[in-house]
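Fold and contact review
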Amino acid sequence: VWTRQSNSKRPHLWVGSRDMNRSKGRRLMPAEWTPHRATWIAWPHNTSDWPGKLQSIRWWYTEFVRHLATVEQVAIVFRSEPERRQAFSSLSKAGVSRDRLEAHIFPTNRSWLRDTGGTFVLHSADDTTEPALAMIDWHFNGWSKYADWSADDQLPTLIATKLQLKRITPRLQKTARTMVLEGGSIDVNGDGVALATEECLLDTKVQPRNPGLGRSETEKALRNFLGIETVIWLGAGIVGDDTHGHVDDIARFVSPETVVVAVEPDHTDPNHAPLADNLARLRDARVHGRSFTIVTLPMPRPLWFNGQRLPASYLNFYLANDSVLVPTFNDPADRFALGTLAELFPKREVIGIHAVDLVLGLGTIHCLTLQEPALS
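This structure is a prediction, so every number in the text was calculated from the model and none was measured. (Residues numbered from 1 in each chain as written. Predicted model: local features only at pLDDT ≥ 70, side-chain atom pairs only at ≥ 80, totals over all residues. Heavy atoms only, no water.)

Glancing now at the pairing of strand β12 (residues 230–234). Of all 5 residues in β12, 4 are buried; the element is thus mostly enclosed. Where strand β11 (residues 193–197) meets β12, 5 bridges bridge the pair, whose relative direction is parallel. Within β12, the residue paired with leucine 195 across the bridge is isoleucine 232. (Buried < 20%, exposed > 50% of the residue type's maximum accessible area, 1.4 Å probe, protein only. Helix = DSSP H or I, 4+ residues; strand = E, 2+ residues; numbered from the N terminus. Pairing = 2+ DSSP bridges.)

Below, the structure is given as structure tokens:
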């Protein structure tokens, strides 16, 4: 049984008994809306992600950092010192304060740090020990699809070493392999509940992350390493998502009791049926006998590039300190999405950032960010 420590100014810590891998300590992945010390991103460089548009994407990153740096530190991973100098020149021209930026020179394959950078958690050795920040170092294997991932797989180790954090490697008991998990495949409410899709985490045929690891063992691993009591299993993700079902395009917690979920009202659109199924599952979900408040957001109209539908979704927003950064797509639904999120976050500035070029890389704002929680 997990109990919340409510007498602390720090993000909630849940403590509980050990399970599955007999690993020591208690852990919790805080919700994204809890205060951050910094947001981590990786400067874009992979030309295959944005064919013919890499230079414009770098300017897009400059504009994104300009917004992000007004509310918190931005830790940027660069492949080289020359790359850092060039980027900092652009950021300076855009008016970004150098004091808000941190530079880290690490090798990378791609720029989707949400999936490659590990998971920051609060960790305590026992019920009496004050929690400290730690890094869960999942194995990254290119979403079980791409071959160039070995540099990205080292990022959690490099980040943990730089920050002098305890690094926890989640090994599976049956195989002794390190568990594969991308940050975009889960969303948590900080109170022991997570959203995930069967298409991604339980897949055994298309892009299987952990062959042989079923539903119950996946839930045990999430409990052990992230402090998740309950997983609300949704069905499938959206068309065009090359991760095969990441949940951060379709449903997100915006408070411990409230979930925003994508819907597609057009019955002829291939997203309509799976998103309707996800909505029904969320409406049926109960945790300790209580249901969630459900808020819907429409999908933007389909975006295509070179015959491929792109995974454009307003759900890929990022909760920065005091602001909500939302991808927009020059779509009539942009204003509705921004307005709905503004009602849900009345104390945060909701900022729409044009993301039509960015989504050519098959991800948007949430995919490229990784929050580092603040401890005080």
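Having put the structure on the table, let's press on.
Turning our eyes to something else, we now look at the nonpolar core. Among the nonpolar cores identified, the biggest contains 76 residues, and Tyr61, Phe64, Val65 and Ala251 are the most heavily contacted of them. Here this core gets 7 residues from one element, more than from any other, and that element is helix α1 (residues 54–68). Ignoring any residue separated from it by four or fewer positions in sequence, one finds tyrosine 61 in contact with Ile41, Ala42, Trp43, Pro44, Trp50, Ser111, Leu358 and Leu368. Core analysis: the second largest hydrophobic core is formed by 24 residues, Ala134, Ile168, Leu202 and Leu226 among them. (Core = buried A, V, L, I, M, F, W, Y, C linked by side-chain atoms within 4.5 Å. Contact = heavy atoms within 4.5 Å.)

Judged by pairing direction, the sheet is mixed, and its 3 strands sit side by side in the order β18-β19-β20 without closing on themselves. Edge positions in the sheet fall to β18 (318–320) and β20 (349–354), since each has one partner strand and no second. With strand direction ignored, the average angle separating the axes of adjacent strands in the sheet is 25°. Of the pairings in the sheet, the one linking β18 to strand β19 (residues 323–328) comprises 3 bridges and is antiparallel in character. The residue bridging leucine 319 from the neighbouring strand is valine 324, located in β19. Helix-sheet contacts for α1 involve β18, β19 and β20, and the interaxial angle to β20 is about 175°. (Axes fitted to C-alpha atoms, helices over the stretch in contact; angles between N-to-C directions.)

Along helix α4 (residues 155–163), the residues that are buried comprise Leu155, Pro156, Ile159 and Ala160. Mapping the buried residues of α4 onto a view down its axis gives an arc of 125°, with all of them on the same face. Buried positions along α4 lie against β4 (36–42), β5 (73–78), α3 (113–116), β7 (119–124), β8 (132–136) and β9 (166–168). Residue glutamine 164 follows α4 closely and has a positive phi angle near 55°. (Arc of directions from axis to C-beta.)

Turning our eyes to something else, we now look at the sheet that holds β5. Pairing between sheet strands relies on hydrogen bonds along the backbone, with the strands arranged either parallel or antiparallel. Taken in spatial order, the 4 strands of this open sheet run β6-β5-β4-β21, and their pairing is mixed. The open sheet has two edge strands, β6 (101–105) and β21 (370–373), and neither has a second partner. Looking at each pair of strands side by side, their axes are set apart by 25° on average, direction ignored. With 5 bridges connecting them, β5 and β6 associate as parallel partners. Residue pairing for β6: alanine 75 is matched across the bridge by glutamate 102. Contacting β5 and β6, helix α2 (residues 81–93) crosses the sheet at an angle of about 160° to β6.

Right, let's talk about the packing of aromatic side chains for a bit. Tallying each qualifying case throughout the model produces 11 aromatic pairs. Ring plane angle 75° and centroid distance 6.2 Å describe the contact between tryptophan 138 and phenylalanine 225, whose orientation is recorded as edge-to-face. Residue tryptophan 138 is located in the loop between β8 and α4, and its partner phenylalanine 225 is located in helix α6 (residues 215–226); the two are separated by 87 residues in the primary sequence. Relative accessible area serves as the criterion here: at 5%, tryptophan 138 is assigned to the buried category. Linked through ring pairs, Trp43, Trp60, Tyr61, Phe64, Phe78 and Phe88 together constitute an aromatic cluster. Between arginine 84 and the ring centre of phenylalanine 88, over which it is positioned, the NZ or CZ distance is 4.8 Å. The ring of phenylalanine 317 has arginine 252 lying over it, and the distance from NZ or CZ to the ring centre is 4.4 Å. (Phe/Tyr/Trp six-rings, centres within 6.5 Å; stacked < 30°, edge-to-face > 60°. Lys NZ or Arg CZ within 6 Å of the ring centre and 35° of its normal.)

These figures come from the coordinates and say nothing about function on their own.
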